[in-house]
Amino acid sequence: MVPSKAEIKNYWTVFNDPVLTRLIEQVSESNLDVRIAVTRVNEGRARLGIAVGQQAPVVDVGGAVGRERAGGVNQTRHSVSLDASWEIDLFGKIGRGIEAATAEFQATEEDYNDVMITMYAEMARTYLFTRALQTRLKAANGNIESQKEILALTQSRLKHGLATALDVAQAEQVLASSEAAVPPLRIELARSINTIALLLGKPPGTFYELLGEEKPVPVPPLQIAVGVPADLMRQRPDIRRAERQLAAQTARIGIATADLYPSFSLTGSLGVESLNIGALFNPLSRIFSIGPQFRWNVFDRGRIRNQIKVEDARTEQALIIYERTVLDAINEVENAMTAFIEQRIQFEAQFRSLQAARRSLDLSTELYKQGLLNFQSVLDSQRAVFEYENLAAEAQGKAAINIVRLYKALGGGWDPDAYDNPQTSEETKTKVAR
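Predicted model only: the values in this text are computed from it and were never measured.

The rules behind the values
Residues numbered from 1 in each chain as written. Predicted model: local features only at pLDDT ≥ 70, side-chain atom pairs only at ≥ 80, totals over all residues. Heavy atoms only, no water. Phe/Tyr/Trp six-rings, centres within 6.5 Å; stacked < 30°, edge-to-face > 60°. Helix = DSSP H or I, 4+ residues; strand = E, 2+ residues; numbered from the N terminus. Buried < 20%, exposed > 50% of the residue type's maximum accessible area, 1.4 Å probe, protein only. Lys NZ or Arg CZ within 6 Å of the ring centre and 35° of its normal. Salt bridge = Lys/Arg side-chain N within 4 Å of Asp/Glu carboxyl O. Contact = heavy atoms within 4.5 Å. Expected span 1.5 Å × (residues − 1). Arc of directions from axis to C-beta. pLDDT = per-residue confidence, 0-100. Lys, Arg positive; Asp, Glu negative; His and termini not counted. Axes fitted to C-alpha atoms, helices over the stretch in contact; angles between N-to-C directions. Parallel < 35°, antiparallel > 145°, perpendicular 65-115°, else oblique. Left-handed = near helix turned anticlockwise from the far one by under 90°. Nonpolar A, V, L, I, M, F, W, Y, C, P; charged D, E, K, R; others polar. Core = buried A, V, L, I, M, F, W, Y, C linked by side-chain atoms within 4.5 Å.

Here we come to the packing of aromatic side chains. For the coordinates displayed, the defined rule picks out three aromatic pairs. With centroids separated by 6.4 Å and ring planes inclined at 35 degrees, the aromatic side chains of Phe 347 and Phe 351 adopt a geometry described as tilted. With Phe 347 and Phe 351 both in helix H8 (residues 301–369) and four residues apart, this pair spans about one turn of that helix. Classification of Phe 347 as partly exposed rests on a relative accessible area of 21%. Plain terms: the ring middles of Tyr 368 and Phe 375 are 5.0 Å apart, the flat faces sit at 50 degrees to each other, and that makes the pair tilted. For Phe 375, a relative accessible area of 3% corresponds to the buried category. When the ring centre of Tyr 368 is taken as origin, the NZ or CZ atom of Arg 157, which lies over that ring, is 4.5 Å away.

See below:
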């Protein structure tokens, strides 16, 4: 039984970011990979129409004018005819052909769904990565301003004999190092914004104005239920596609097997024929024929049986591919689930480290001003704040991106609220919420 068509949930709305929603809504219209997938669906639909059309009679209309000589007399023969042929599908060859074409068409629909889910996820991932880069840039620029203030403080203290030239040189070195970290971030940010343009089939630079303003990484809900029923795995387009391809290949065994048996057709012809074009439609000029026909490949059975073996082998291959696809899907979901949980734990730890580093910088700076601490401690605290702000922003971006990866791994059809039920273990929910 073919599962009902998967619904791609608007999972990106959990981020409550209008810009992200706007960009993703454009994917289905502008992305080039999606447009290619649409043409493949159209091709599959047309092939299915060809297969279904084999059930109908074949009707041909024809006419001819010929010059002939008979009995020493030259004469012109005129004819118009309507010929029809209908193959009786006694052994299911046409039916199995329609079954195969239907499954192939459904496979192209799943290809389209797969492309859509992949492109949605890629757009969300790139957008979140862009916002994470902007957060890192903002933090870097903030640290640079703080380090400029520390440099000004050491220069002032040097003038009053309260600091050494070494203190000033070290402050200049830390400031220059921080400033050197900014250009690579800007380069990466430009690449990320240009990737968004590419995903929407636009030239580079199209979205600089829309995405140029620095905004934080959108924060998803603190708790997302992950107790998902196992049958939701069948919503993944790659599994559904492999299932449909297996069904199509199974039908081809029936097509090949039907060649072992005779094919029966009912044929008929109705027309008029006359030596005089003026008498062509005279009742006496009418001709017709009707009767059954059959064809049987009696001396080609070796080739047919080998073709059946070919289709059997291909079906076995399709079954193995299906099994491998399911295993790959389980592996992807498990890895995405683990990354989602552990990345959140890492982000919270990084944030605590950042808070401690900021407190350390404030305390060391104050003690340095009072002459109770050497300048090296201030420098160490500055470096720690710069490092942990960068790591925290990066971890926040990864935490959001891993949510996208989890939705993608679950086929884009996972509605957390729908599966937040008593079967979801409290232990799992607590672990995710940490």
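Glancing now at the pattern of salt bridges. Applying the stated criterion across every chain, the model contains 15 salt bridges. In this structure, the salt-bridge partner of Lys 148 is Glu 145, at a minimum N-O distance of 3.7 Å. Placement of both Lys 148 and Glu 145 in helix H3 (residues 93–159) is noted, with a separation of three residues, approximately one turn of the helix. Judged by its relative accessible area of 38%, Lys 148 falls in the partly exposed class. Residue Arg 191 pairs with Glu 188 through a salt bridge whose shortest N-O separation is 3.8 Å. Note that Arg 191 and Glu 188 are positioned in helix H5 (residues 182–199) at a spacing of three residues, about one turn of the helix. Residue Arg 191 is classed as exposed on the basis of its relative accessible area of 53%. By relative accessible area, which is 28% here, Glu 188 ends up partly exposed. The structure contains a network of salt bridges with shared partners spanning Arg 236, Asp 238, Glu 332 and Lys 408.

Here we come to unusual backbone geometry. Here Asn 16, not a glycine, exhibits a phi torsion of approximately 50 degrees, which is positive. Structurally, the position occupied by Asn 16 is in the segment before helix H1 (18–30).

Take Glu 311: it is sitting in helix H8. For Glu 311, the residues in contact, after removing those within four places along its chain, are Gln 249, Arg 252, Ile 253 and Ala 256.

Between its terminal C-alpha atoms H8 stretches 99 Å, which fits the 102 Å expected from 69 residues at 1.5 Å a residue. At the C-terminal side of H8, Gly 371 shows a positive phi close to 75 degrees.

Here helix H4 (residues 165–180) is 16 residues long and its end C-alpha atoms lie 23 Å apart, about the 22 Å a rise of 1.5 Å per residue gives. Those residues of H4 that fall on the buried side of the exposure criterion are Asp 167, Val 168, Ala 171, Val 174, Leu 175 and Ser 178. All buried residues of H4 project into a common sector of 130 degrees when viewed along the axis, lining one side. H4 presents Ala 165 and Leu 166 as exposed residues on the side facing more than 90 degrees away from its buried surface. Looking at the buried side of H4, the elements it contacts are H3, H5, H8 and helix H9 (375–409).

Interpretation of the predicted coordinates at a detailed level should be avoided for regions scoring low in pLDDT. The pLDDT averaged across the protein chain works out to 79; a share of 76% of its residues lies at or above 70. Ranking the helices and strands of the protein chain by mean pLDDT puts H5 first, with 93, and helix H10 (residues 426–433) last, with 34. The low-confidence segment residues 1–6, where pLDDT is below 50, has ten contacts with residues more than four positions distant or belonging to other chains. Across residues 419–434, where pLDDT falls below 50, the model places 29 contacts with residues more than four positions away in sequence or in other chains.

Among the structural elements, Arg 157 can be located in helix H3. Although Arg 157 is buried, it forms no salt bridge, and the closest oppositely charged side chain is Asp 167 at an N-O distance of 6.3 Å. The residues contacting Arg 157, other than those within four sequence positions of it, are Leu 162, Ala 163, Tyr 368, Lys 369 and Gly 371.

For the rest of this paragraph, the subject is the packing of H3 against H5. Helices that pack against each other are described as a pair by the angle of their axes relative to one another and the distance between those axes. The geometry of H3 relative to H5 is characterised by a closest axis approach of 9 Å and an angle of 155 degrees between their N-to-C directions. By the angle between their directions, the pair H3 and H5 is classed as roughly antiparallel. Here H3 runs over H5; the crossing is left-handed. Each residue belonging to the contact of H3 with H5 can be placed in one class, and the counts come to 14 nonpolar, six polar and four charged.

Turning to the environment of Ile 321, a few remarks are in order. Along the chain, Ile 321 falls in helix H8. Measuring from C-alpha to C-alpha, the distance between Ile 321 and Leu 246 comes to 8.7 Å, with 75 residues separating the pair along the chain.

The subject of this paragraph is the nonpolar core. Across soluble globular proteins, nonpolar side chains have a tendency to be buried as a group. With 60 residues, the main nonpolar core has Leu 23, Met 123, Leu 128, Phe 207 and Leu 211 as its most contacted residues. Elements supplying a minimum of two residues to this core: H1, H3, H4, H5, H8 and H9. In terms of residues, this core owes the most to one element, H3, which gives 15 residues. Other than its neighbours up to four places away in sequence, Leu 23 contacts Met 123, Tyr 127, Ile 196, Leu 200, Phe 207, Leu 210 and Leu 211.

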